[in-house]
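Each chain is listed here by its residues.
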Amino acid sequence: QVQLVESGGGLVQAGGSLRLSCAASGRTFSNYAMGWFRQAPGKEREIVAVISWSGGSTYYADSVKGRFTISRENAKNVVYLQMNSLKPEDSAVYYCAADLSYNNLRVGFVSNWGQGTQVTVSS
C-alpha cells in the first residue's frame, strides 16, 4: 500500500499552465507505475497520463497530447503533471493513482488513489 497526496490545483485562465504534484509514502515508490486521471461533473473518470516505474514509458490521452507532461522523481517520491495551454474542457478533479502493474493502471484498475485536487480553467 502507498499513500498519495495531490497538490497544485487551482484556478487558471485558458492558455495558462499548472503543475500538479503527487507525494507518495509507504512502500518503495519506484516499484509503482503512476498515473493521473480526471473527472469532470457529469462525466466518467478518464485517464490523462501514465508513467512506468522507471519513467522510460509514458502514455497520454489524445486530448492532452502535446500539452501535458507526466514525470517522476523517484528519489523524492513525487510524480508531476505539467499542464500547459490549458482549456476550459480540462476543468476537472484530478486524481493521482499508483499500481504495481502498468497495464492495470492503463485501464484504471488501480490499488491506490489520492483524494484529488480541483483544476478549474476559465474562458
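Look up a bit, the structure's there.
A brief report on the enclosed structure follows. As the structure is a prediction and not an experimental result, all values here were calculated from the model. (Residues numbered from 1 in each chain as written. Predicted model: local features only at pLDDT ≥ 70, side-chain atom pairs only at ≥ 80, totals over all residues. Heavy atoms only, no water.)

1. Some details on the packing of aromatic side chains
The geometry of an aromatic ring pair comes down to the distance between the two centres and the angle between the two planes. Filter applied, for reference: The pairing test for Phe, Tyr and Trp rings, Trp by its six-membered ring, is centres within 6.5 Å, and the orientation test on the planes gives stacked under 30 degrees, edge-to-face over 60, and tilted for anything in between. For the purposes of this entry, the term helix denotes a DSSP run of H or I that reaches at least four residues, the term strand denotes a run of E that reaches at least two, and both are numbered from the N terminus. Using a 1.4 Å probe on the protein chains alone, a residue whose accessible area is under 20% of its type maximum counts as buried, one over 50% counts as exposed, and one in between counts as partly exposed. Each ring is checked for a lysine NZ or an arginine CZ that lies within 6 Å of its centre and within 35 degrees of its normal; such an atom marks a charge sitting over the ring.
Taken as a whole, this structure holds 2 aromatic pairs when the rule is applied. Ring geometry for tyrosine 95 versus tryptophan 113: centroids 6.5 Å apart, planes at 90°, classification edge-to-face. Of the two residues, tyrosine 95 sits in strand S9 (residues 92–99) while tryptophan 113 sits in strand S10 (residues 112–113), which places them 18 residues apart along the sequence. On the accessibility criterion, tyrosine 95 (21% relative accessible area) is partly exposed. Here the aromatic cluster, defined as three or more aromatic residues joined through ring pairs, consists of Phe37, Tyr95 and Trp113. Looking at arginine 106, its charged tip hangs above the ring of tyrosine 59, at a distance of 3.8 Å from the centre.

2. Observations concerning the environment of valine 110
Applied cut-off: We call two residues contacting when some pair of their heavy atoms lies within 4.5 Å.
Structurally, the position occupied by valine 110 is in the loop between helix H1 (102–106) and S10. Overall, valine 110 belongs to the buried group, its relative accessible area being 15%. Separated by 24 residues in sequence, valine 110 and leucine 86 place their C-alpha atoms 27 Å apart. If near-sequence neighbours (up to four positions away) are discounted, valine 110 is found in contact with Ala97, Ala98, Asp99, Asn104 and Leu105.

3. Quick notes on the pairing of strand S3 (residues 18–26)
Heads up, the rule is: Strand pairing is assigned whenever DSSP detects at least two bridges linking the two strands.
By the bridge criterion, 6 bridges tie strand S1 (residues 2–7) to S3 in an arrangement that is antiparallel. Of the residues in S3, the one forming a bridge with glutamine 3 is serine 25. Here S3 pairs with strand S8 (residues 78–83) via 6 bridges, running antiparallel. Across the sheet, alanine 23 pairs through a bridge with valine 78, a residue of S8.

4. Here we look at the sheet that holds S3
Threshold: Axis definition: a line fit to C-alpha positions, over the contact stretch in the case of helices; interaxial angles, taken between N-to-C directions, run 0 to 180 degrees.
Overall, antiparallel pairing links the 4 strands, which are arranged S1-S3-S8-S7 in an open sheet. Edge positions in the sheet fall to S1 and strand S7 (68–73), since each of these pairs with one other strand and no more. Adjacent strand axes in the sheet meet at a mean angle of 20° when their direction is disregarded.

5. Focus: the nonpolar core
Note the threshold: Only buried residues count toward a nonpolar core. Its members are Ala, Val, Leu, Ile, Met, Phe, Trp, Tyr and Cys residues joined through side-chain atoms within 4.5 Å.
Judged by nonpolar contacts, the single largest core of 29 residues is most densely connected at Met34, Trp36, Val79, Leu81, Met83 and Tyr94. For this core, the secondary structure elements donating two or more residues are S1, S3, strand S4 (33–39), strand S5 (46–51), S7, S8, S9 and strand S11 (117–122).

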